[in-house]
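Chains, contacts and geometry: an overview
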Amino acid sequence: MIVVKVPGGIKKEVSVAETLTLEWKPMTILQWLGQLGIEEKQVGAVLVNGKPKKMSHTLEDGDEVQILPVLSGG
Amino acid sequence: MDNILRINTRTRTIQYETTPESYLKTGGRGLIAKILLDEVDPACEPLGRHNKLIFAMGLLTGTNVSSASRVCIGAKSPLTQGIKESNSGGTTAMRLAQMGLKAMILEEQPEDDHWHYVKISKGACSLEPAEAYLGMGTGEFCDAIHKLYPGAAVSCIGPVGEMLYSSAGIATTDADHKPGRFSGRGGLGAVMGSKKIKGIVVLGKDTMPLADKEGFMAALKTYTSVVKDAPSTLNYRTLGTASMVRIMNGHGGLPTHNFSLGRFDGMDQICGETIFDVITERGGDGRTSHACMPGCVIQCSNIYPDIEGKAIVSPLEYENLGLLGSNLGISDLDTVARLNALCNDMGIDTIETGAAIGVAMEAGVAAFGDSEAALGFMEDIRRGTVLGRVLGNGAVVTGKVFGIRNVPAVNGQAMPAYDPRAIKGMGVTYATSPMGADHTYGATARAQIEQASSVGQAELSFSTQKNMAVYDTLGFCIFCSGAVGNQHQLIADLINARYGWSVDVPWLKSIGEETLKNEHLFNQKAGFTKAHYKMPECFTERVLPGVNTVFDVGQEELEQVVEAHLEGRRTLKP
């Protein structure tokens, strides 16, 4: 299983934060986002067990994933 | 905090004035606009004696409220010929506020060739000789000052400010006493140089008076927890603004090869995740998170080290990765960091410099991706060769000299790292800002909107501009806005406890609207008309590959934004 924390507002239809527990499959972060219906460009960063990882990173069983919202630069 | 420090650089007289009633309930960018409107002829020459350089503190600056002590610096801009305010983090504003100052005004200019720095402590101010420091980079100057006054807060110019380049900025020391924070935009460093002032040095610390200490501490606790725990804060603290590299590339709006493309083949090598990994692997001085001012809980800054772990630059941020990286076709992070560090040390705006070099590369002065040539241009700029002076006076001047019409600039100022054809709300902000192309004037990139569509972008930019104006006028970092959201009462509660006032959320909105109106009024009096607020043809007529669109928000809508600000309207449409 993996646990995914999704902040509110990343998906148009979900305004509140949600925590999802999902059955693990050997997929990259980008593939997981696609499965969750989240556009990559709506995601500011993805932390896996507290560390930022690229979209090409493959999740492992037991991972805790936190999706963070987009920022404005500076 | 009720004094204005006025320094006449011609007569070298120094006066402390009680802040007029009409200035008490504003600060930062808002106070700068008021003082400029009241005291400076908008038609004046920016580098002449009639212009004034103003440092203005926010309403909570100097307190221990996180992210509320930005240093706001303003004047009439030599780059845009309009009003300019540019703010940064660091320690100077916090210290100036703690010395009892609401604002500091540098006016006139010397009739002789003597240079000075301004030394400020509690109740005392003097002009100290600065000839010995001329030609020094910002780092060397700060090191020399810190030998005399350990721990002093410093805002200073580098050699390009002394040479009056239109892209010269003002550097401010961070919490580690390094001058890495920049009021970079609009040539404010040249205005300081025109008054023959090398820097501002602030000694000492103090605590700020609080009308209701208990109420303040309670409000502070709530505010701090909201900002600290927000998901946006966690992103700032982990990847910082560099997280935008991948996202803008995804939107097809990452400036590449002088804004001719919006996606960069080398994106993966300069994105936030790679920076995090490189900093972590190299260790040493490197930090993936770092506070630019004491007490900040967001900590979006970083320290980027070389392969031996020795710091190259702090911070390495999105705009610089875009303008000095992808825009120049450079994907080597160490080179981008070195270009950034060289800009910081000579005291020049990274955005304007990256854009100017991009224009020169399109002209064939060097090939895109040529790191050695880019580093060589930095040497030219610093030494003041003819090519260096061209580049150092910005993208528009560079375009004119080399006969290039694809110049990413509005009203004289280069665009930050958001292509306005892909992020159209940002394009509206660039076109309608009275300060030239400026992302912080109304940053729309995080909005839930179809970014490349023209629909709704004028409304989005208009409302974002109003929100940003509130934060800038309070002296707050706009990075709080993602955490605070609509909970503006949190900020009102802090202000009320600090001063014993009873302001509310509508009042907060009104000070932002007043700021926008005053800034546009200044420009109107300087000769700007609504027709000045437009997007250049290289963006309205040249299709951005990948996104397959031009900037197509209508001129009528752009003019409506300006008109709405001038009339102080709450809504875009009358």
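These remarks concern the structure in this document. Here the structure is a predicted model, which means the values were calculated and not measured.

Conventions we followed
- Sequence order as written defines the numbering, with residues in each chain counted from 1.
- Each chain is given a letter, starting from A, and each ligand a number, starting from 1, according to the order in which they appear as written.
- This being a predicted model, a pLDDT of at least 70 is required before a residue's local features are given, and a value of 80 or more before pairs of side-chain atoms are given or counted; all residues contribute to the totals for chains, interfaces and linings.
- As a rule here, side-chain values come from all non-hydrogen atoms in the structure, and water together with hydrogens is ignored.
- Think of it this way: any DSSP run of H or I at least four residues long counts as a helix, any run of E at least two long counts as a strand, and we number them from the N terminus.
- Throughout, radius of gyration means the C-alpha value; the globule benchmark is 2.2 Å times the number of residues raised to the power 0.38.
- Buried, partly exposed and exposed residues are distinguished by accessible area as a fraction of the type maximum, computed with a 1.4 Å probe on protein chains only: under 20%, between the cut-offs, and over 50%, respectively.
- Contact definition: two residues touch when any of their heavy atoms are within 4.5 Å.
- The protein chains shown are the only cover counted for residues, whose accessible areas, like all others here, come from Shrake-Rupley with a 1.4 Å probe.
- By the counting scheme adopted, Arg and Lys are positive, Glu and Asp are negative, and His together with the chain ends is not counted.
- By convention, the point assigned to a charge is CZ for Arg, NZ for Lys, CD for Glu and CG for Asp.
- Strands pair, by our definition, only if DSSP identifies at least two bridges between them.
- Working convention: axes come from line fits to C-alpha atoms, limited for helices to the stretch in contact. Angles between N-to-C directions cover 0 to 180 degrees.
- Should a side-chain nitrogen of Lys or Arg be within 4 Å of a carboxyl oxygen of Asp or Glu, the pair is scored as a salt bridge.
- Any N or O atom pair separated by 3.5 Å or less is treated as a polar contact, with the protein-specific requirement of one donor-capable and one acceptor-capable atom, and with residues adjacent in sequence counted only for side-chain atom pairs.
- Note on residue classes: Ala, Val, Leu, Ile, Met, Phe, Trp, Tyr, Cys and Pro are nonpolar, Asp, Glu, Lys and Arg are charged, and everything else, Gly too, is polar.
- Any angle that is under 35 degrees is reported as roughly parallel, and any over 145 degrees as roughly antiparallel; angles of 65 to 115 degrees are reported as roughly perpendicular and all others as oblique.
- Geometry of aromatic contacts follows a simple scheme: Phe, Tyr and Trp rings, the Trp one being its six-membered ring, pair when their centres are within 6.5 Å, and the pair is stacked under 30 degrees between planes, edge-to-face over 60, tilted otherwise.

In terms of helices and strands, chain B carries 24 helices and 17 strands. Relative to the 2.2 N^0.38 estimate, which gives 25 Å for 574 residues, the radius of gyration of chain B is 22 Å and therefore close to what a compact globule would have. Seen through its C-alpha atoms, chain B measures out along the principal axes to roughly 55 × 55 × 50 Å. Counting all 574 residues of chain B, 66% fall into the buried class. Considering only intrachain contacts with a sequence separation of at least 6, the fraction spanning at least 24 residues in chain B is 70%. Looking at chain B as shown, the accessible area adds up to about 18,400 Å², and 49% of this sits on carbon and sulfur atoms.

Okay, the overall build of chain A next. A tally of regular secondary structure across chain A gives one helix and five strands. Start at the N end of chain A and walk to the C end: the helices and strands fall as β-β-α-β-β-β. Taking 2.2 N^0.38 as the reference for a compact globule, 74 residues should give roughly 11 Å; the C-alpha atoms of chain A span a radius of gyration of 12 Å, in line with that estimate. The principal-axis extent of the C-alpha atoms belonging to chain A is close to 35 × 25 × 20 Å. Here the analysis covers contacts within chain A between residues at least 6 apart in sequence; of these, 49% occur between residues at least 24 apart. In the form shown here, chain A has an accessible surface area of approximately 3,600 Å², with 50% of it arising from carbon and sulfur atoms. Side chains of chain A give 8 positive and 9 negative charges; the mean places of these two sets differ by 7 Å.

Moving on: the sheet that holds strand S2 (residues 13-18) of chain B. All names here are of chain B. Taken in spatial order, the six strands make up an open sheet running S2-S1-S6-S3-S4-S5, and their pairing is mixed. Each edge of the open sheet is held by one strand with a lone partner, namely S2 and strand S5 (83-88). For this sheet, the mean angle separating the axes of adjacent strands, direction not counted, is 15°. Bridging between strand S1 (residues 3-8) and S2 involves six bridges; their strand directions are antiparallel. Residue pairing across strands places Arg 6 opposite Gln 15, the latter belonging to S2.

Right, let's talk about the interface of chain A and chain B for a bit. Of the residues lining the interface, 24 residues belong to chain A; the matching set on chain B comes to 30 residues. Joining chain A to chain B, the criterion identifies two salt bridges. As a salt-bridge pair, Arg 246 of chain B and Glu 40 of chain A come within 3.3 Å of each other at their nearest N and O atoms. Here chain A and chain B share seven residue pairs in polar contact (both at pLDDT 80 or more) between them. Of all elements in the fold, only strand S3 (43-48), strand S4 (51-52) and strand S5 (64-69) of chain A reach the threshold of two or more residues within the side of chain A that touches chain B. The class makeup of the residues in the side of chain A that touches chain B is eleven nonpolar, seven polar and six charged.

With that settled, the discussion passes to the pairing of strand S7 (residues 116-121) of chain B. Within a regular beta strand, the side chains point alternately toward one face of the sheet and then the other, so they alternate between its two faces. Residue and element names in this part refer to chain B. Here S7 pairs with strand S8 (residues 124-129) via six bridges, running antiparallel. What sits directly across from His 116, in S8, is Pro 129. The turn linking S7 back onto S8 is made up of two residues, and Gly 123 within it adopts a positive phi angle of 70°. Both S7 and strand S12 (residues 197-202) contribute to a ladder of five bridges, which runs parallel. Looking at the pairing, Lys 119 lines up with Val 201 of S12.

Next up on the list: the packing of helix H19 (residues 457-474) of chain B against helix H22 (residues 505-526) of chain B. All names here are of chain B. Contact geometry for H19 and H22: axes closest at 8 Å, N-to-C directions at 95°. Here H19 lies roughly perpendicular to H22, going by the angle between them. On the side of H19, the interface is formed by Gln 465, Lys 466, Ala 469, Val 470, Thr 473 and Leu 474, while H22 contributes Leu 508, Lys 509, Ile 511, Gly 512, Glu 513, Thr 515 and Leu 516. Split by residue class, the contact of H19 with H22 holds six nonpolar, four polar and three charged.

Residues and elements named next belong to chain B. The full count for this structure, using the stated rule, is 29 salt bridges over all chains. Of the charged contacts, one joins Glu 17 and Arg 6 as a salt bridge, the two residues approaching to 2.7 Å between their closest N and O atoms. Remark: Arg 6 occurs in strand S1 and Glu 17 occurs in strand S2; sequence separation between them is eleven residues. Assessed through its relative accessible area of 12%, Arg 6 is described here as buried.

Counting buried residues along S1 of chain B, five of its six residues qualify, which places the element largely inside the surrounding structure. Linkage of S1 of chain B to S2 of chain B, two consecutive antiparallel strands, is achieved through a turn of four residues, within which Arg 12 of chain B is found at a positive phi near 60°.

Let us look at the packing of aromatic side chains. Residues and elements named next belong to chain B. Applying the stated criterion to the full structure yields eleven aromatic pairs over all chains. Centroid distance Tyr 133 to Phe 141: 5.3 Å. Interplanar angle 80°. Geometry classified as edge-to-face. Summarising the burial analysis for this pair, Tyr 133 and Phe 141 share the class buried. A centroid spacing of 4.4 Å and a plane angle of 15° characterise the contact between Tyr 236 and Phe 479, whose relative ring orientation is stacked.

A few words now on helix H21 (residues 489-499) of chain B. Residue and element names in this part refer to chain B. Summarising burial for H21: eight of the eleven residues are buried, a large majority. Those residues of H21 that are buried are in contact with helix H7 (213-229), H19, helix H20 (481-484) and H22. Just past H21, the residue Gly 500 takes up positive phi, approximately 75°.

In this section: the environment of Gly 456 of chain B. All names here are of chain B. Residue position: Gly 456 is located in the loop between helix H18 (424-432) and H19. Among the residues examined, Gly 456 registers a relative accessible area of 27% and is labelled partly exposed. Through-space distance from the C-alpha of Gly 456 to that of Gly 252 is 20 Å; in sequence the pair is 204 residues apart.

Residue and element names in this part refer to chain B. Here Ser 314 and Pro 315 are connected by a cis peptide whose omega angle stands at -5°. The residue Pro 315 is located in the loop between strand S15 (311-313) and helix H12 (318-323) in this model. A positive phi angle is found at Gln 81, which is not glycine, with a value near 65°. One can find Gln 81 in the loop between strand S4 (71-76) and S5. Of the residues examined, Gln 81 reaches a relative accessible area of 38% and is grouped as partly exposed. In this model, Asn 411 sits at a positive phi of 50°, which is unusual for a non-glycine residue. Considering the arrangement of structural elements, one finds Asn 411 in the loop between strand S16 (409-410) and strand S17 (413-414).

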